[in-house]
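# Remarks on the overall topology
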Amino acid sequence: MPDSQKIYLKDYTPPAYLVDTVHLTFKLSPKSTRVISKIRFRPNPDSDSREFFLHGEHLTLIRAAIDGQECDPAVTDKGLTAQVPDAPFTWEAEVEINPQDNTALEGLYVSNGMYCTQCEAEGFRRITYYPDRPDVMATFTVRIEGDLPVLLSNGNPTASGDGWAEWHDPWPKPSYLFALVAGDLRNHPDTFTTKSGRKVDLNIWVRPDDIDKCAFGMEALKKSMKWDEDVYGREYDLDLFNIVAVDDFNMGAMENKGLNIFNSSCVLASPETATDANFERIEAIIAHEYFHNWTGNRITCRDWFQLCLKEGLTVFRDQSFTGDMRGHGVKRINDVLQLRGRQFSEDQGPLAHPVRPDSFVEINNFYTATIYEKGAEVVGMLKRLVGDDAYGQALDLYFERHDGQAVTIEDWLKVFEDATGRDLIQFKRWYSQAGTPVLTVTDDYSDGTYTLNFKQETPPTPGQDVKQPQVLPIAVGLLGANGDEVQKTVVLEMTKAEQSFSFDGLPAKPVPSILRGFSAPVVLHRDTDNTERAFLLAHDTDAFNKWEAGRDLAKDSLLRMVTDGAAPDTGYLKALAHVLRDNTLDPAYRALLMRTPSQDDIAQTLYESGHTPDPLRIYRAAETMAQAKAQELQDLLPRLYAEMHTPAPYSPNPEPVGKRALQGAVLSLLTRLDGGDQARAQYGAADNMTQQFGALACLLDAETGAKELAVFYDQWAHDRLVIDKWFGLQVAVAAPEKAAGIADSLTKHADFDMKNPNRFRAVFGALSINAAGFHDASGASYRLLADWLIKLDPVNPQTTARMTTAFQSWRRYDEGRQALMRAELERILATENLSSDTSEMVSRILNG
């Protein structure tokens, strides 16, 4: 990708003109919607430029006027320029757009007869001509004219009549937060009373057939509103909060002011159609989008390079919320699994970039795990370093100082410096330096003093060869020989490349518990053995490190099975049996302990240690380990399965969810022993999707579920979200040599629609995470995915670009697989009229 197409952080300049008010009128028509804008501009005193430029793409300009006088602006495919007064003035324009054919799902589009918008990051320029950048904030008044019964926009309703409705949002916002929805919808209503006593009307708007799937989402919304008041002191600021469920949506959800638009998979749930994981995800996403009202909407980003400011902070907030709702120990482990599985892969490959990038071609390509998950880790480290009270004081100052502003990382860190007196210049490197630090630890003990010696080093990443030491909060505890803590958790603040910390007055050398709670996003290297790991699994009081010890036991065994042909480690199997019998441990926690490291994790670990990973060999080792666990635990499994029974009616609350998680993990092992008898019985008796789908997965994994698969489809053919599960499961559990063929056959199914992002991701997302299947030596999966990405790109560039990440680890494998993947990447890149979204991603993957 030529550097001339890149946008650089260093080149930021303030907008030449600011906007005070925006009036929009929409005359809806599927193929010829008219948008009439009346916008009040004024020169920006902080800008040296007086060039009047408005973004605009895929628009037909009908007319334009300045202060009532018709004008003839210079129009290109990127926008327009015009001569304007060097004083406040009113711009008017009328444009025509085609929502029906807008398959990119950016701007205004039609989804199954419903008009819907998606304007983040740069979709508003597909609606009308406007300075489509986040540092231009204005109040919006909107009139919608159309023949659909429900007409919605941001803010509060001000008037309505037959075929029209008007809305006004009193809070200044950037254009990316604009929203409009029109359709034949039904609402699930409720109310919330704020801490100050103000009543807020709440609605979840859905298609008529989905009205029975809204109750959980509404309860999640009310919990989120109360939590934000109790924990952050933030009240909602409008009279109305609307959520709309949309089938065709590129993202999970969008925080548009007062009118959140959700991918239907992220808001619709009933016990019969949604799994426990779906319920938890819905609760978290609803919280995330609601929390954006303050961290993203009331205070937004100056430019898109600051995206992590709103997303990292809001992810941290939604993680904290879920921890409070469902338990912090299990939540932290799941968050770290997500971080290691997605973000560490970015940091270790060609797509590595800082939490605040310094350049991009398409900002859509930077809605990444680094921005979101690592951005949240940076906020968590900051809170850990300054303490809970100081964090609260800094956030209060942030809201007070910057309400109504578009701000930067510098503004964010300055409030912490002012509130705490700390110098955060070195800490700021977390925002500018890409890569995952490797933290190497050695220790020694002498005359009652125990010393931990730390060395940090961040490997080179694309464009950054030389790295500087980071600030690392390292939470440490020490255990005595009997398992008692001799040093409770203390946070060591590492600031140098090499640094040592000592603990005095210890009668014997302790066993260290390092990086408790995963206190910093690093890769920890320390020479240890399985005796110590088993000791920590049995005695560590830190939930994360206790789990990590068990995971490391499993990982060590799997690595030796792959590299040396060793048998599964009996010490690990017996330690696992011991913790599974411990009824003082939460069932959800024990379910996590039963999971072995992913095949992708094993491949990356082998690669880092100088081995070339063989996906099929890793797959076979994982299968052997699972069978060994089933054999070792065969006497325990039936009893544990029975103990985890949850009586009707179904509840998505943490306790029964945890029991079903452990029961499901047990069932997967039982199926290896009984040929699927228990899974088939569970499938037949299930009254909820968690148990029905879990049993089906076990049967398919054992290649004995063809009948149940057909029955499942017939039962749920009417429900698009359940059928997404049906598509994805078949590919996810497919044997390596069959995965590409199954995925290919599913693309020929009558229900496959590549224009629907959920359905496309169901098939090809599942293919990409079936590690041995995707990396089958034939290259069939590589070719199939590339074929479909080439087909999808002219239809939906965003989804295409994001799916190219399946190839990001291509350099990890043997020369044969590398050549096959490179050939497919080059074939994609050579496609005529390839979108800039996809071109940027493929270029980075190839050249990084």
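Structural data are supplied above this passage.
Just so you know, these numbers come straight off a predicted model, no measurement behind them.

## Structural notes on the overall build of the protein chain
- Looking only at helices and strands, the protein chain features 27 helices and 31 strands.
- Residue pairs in contact within the protein chain that sit at least 24 positions apart in sequence constitute 69% of those at least 6 positions apart.
- With an accessible surface of roughly 32,100 Å², the protein chain has 49% of that area assigned to carbon and sulfur atoms.
- Charge centroids of the protein chain, computed over 87 positive and 122 negative side chains, lie 1 Å from each other.

## Examining the pairing of strand β3 (residues 33-43)
- Residues T33, V35, S37, I39, F41 and P43 point to one face of β3 and are all buried, whereas R34, I36, K38, R40 and R42, pointing to the other face, are not buried.
- Bridge count between strand β2 (residues 17-27) and β3: 10 bridges; the pairing is antiparallel. Within β3, the position partnered with L18 by the bridge is R42.
- Hairpin connection of β2 to β3: five residues between the antiparallel strands.
- In terms of strand pairing, β3 meets strand β9 (residues 89-97) through nine bridges, oriented antiparallel.

## What about the packing of helix α20 (residues 720-732) against helix α21 (residues 739-747)?
- Orientation of α20 relative to α21, taken along the N-to-C sense of each, is 160 degrees, at an axis distance of 8 Å. Taken together, the axes of α20 and α21 are roughly antiparallel relative to one another. By crossing handedness, the relation of α20 to α21 is classed as right-handed. Contacts between α20 and α21 involve W726, F727, Q730 and V731 from the former and A739, I742, A743 and L746 from the latter.

## Considerations on the pattern of salt bridges
- Evaluation of the coordinates by the stated rule reveals 73 salt bridges.
- Measuring nitrogen to oxygen at the nearest pair gives 3.2 Å for the salt bridge that ties E623 to R672. With E623 in helix α14 (residues 615-632) and R672 in helix α16 (residues 654-674), this pair connects stretches of sequence that are 49 residues apart.
- Looking at R672, the relative accessible area reads 26%, which means it is partly exposed.
- Salt bridges sharing common partners tie together R207, D210, K213, D247, D719 and R720.

## Some details on the packing of aromatic side chains
- Evaluation of the coordinates by the stated rule reveals 48 aromatic pairs.
- Taking 6.2 Å as the distance between ring centres and 85 degrees as the angle between the ring planes, the aromatic pair formed by F124 and F140 counts as edge-to-face. Of the two residues, F124 is situated in the loop between β11 (114-118) and β12 (138-145) and F140 in strand β12; the sequence distance between them amounts to 16 residues.
- Between W227 and F321, the ring centres sit 5.8 Å apart and the planes meet at 80 degrees, which makes this aromatic pair edge-to-face. Of this pair, W227 sits in helix α1 (residues 215-232) while F321 sits in helix α3 (residues 307-326); the two residues are 94 residues apart in sequence, bridging distant segments of the chain.
- Owing to a relative accessible area of 5%, W227 belongs among the buried residues under this scheme.

## Regarding the nonpolar core
- In terms of nonpolar packing, the biggest core is built from 269 residues, with W91, W412 and F427 touching the most fellow members.
- A total of nine residues in this core trace back to one element, the largest contributor, which is helix α5 (residues 369-386).
- Setting aside residues no more than four positions away along its own chain, W412 makes contact with L309, L313, V379, L382, L395, Y398 and Y431.

## Some details on the environment of R302
- Inspection of the secondary structure assignment puts R302 in the loop between β22 (300-301) and α3.
- Placed 168 residues apart in sequence, R302 and P134 show a C-alpha to C-alpha distance of 5.9 Å.
- Leaving out residues up to four positions away in the same chain, R302 has contacts with L9, Y12, P134, D135, A406, V407 and T408.

## Comments concerning the sheet that holds strand β28 (residues 485-494)
- Reading across the sheet, the three strands line up as β28-β27-β30 and stay open at both edges, with antiparallel pairing between neighbours. Bordering the open sheet on either side are β28 and β30 (511-514), each of which pairs with just one other strand. Taken pair by pair, the neighbouring strands of this sheet meet at an average axis angle of 25 degrees, ignoring direction.
- Here strand β27 (residues 472-479) runs beside β30; their pairing, made up of four bridges, is antiparallel.

The rules we used
Residues numbered from 1 in each chain as written. Predicted model: local features only at pLDDT ≥ 70, side-chain atom pairs only at ≥ 80, totals over all residues. Heavy atoms only, no water. Helix = DSSP H or I, 4+ residues; strand = E, 2+ residues; numbered from the N terminus. Contact = heavy atoms within 4.5 Å. Areas by Shrake-Rupley, 256 points an atom, 1.4 Å probe, with all protein chains shown as cover. Lys, Arg positive; Asp, Glu negative; His and termini not counted. Charge placed at Lys NZ, Arg CZ, Asp CG, Glu CD. Buried < 20%, exposed > 50% of the residue type's maximum accessible area, 1.4 Å probe, protein only. Pairing = 2+ DSSP bridges. Axes fitted to C-alpha atoms, helices over the stretch in contact; angles between N-to-C directions. Parallel < 35°, antiparallel > 145°, perpendicular 65-115°, else oblique. Left-handed = near helix turned anticlockwise from the far one by under 90°. Salt bridge = Lys/Arg side-chain N within 4 Å of Asp/Glu carboxyl O. Phe/Tyr/Trp six-rings, centres within 6.5 Å; stacked < 30°, edge-to-face > 60°. Core = buried A, V, L, I, M, F, W, Y, C linked by side-chain atoms within 4.5 Å.

Everything listed here is a matter of coordinates, which is why it stays silent on function.
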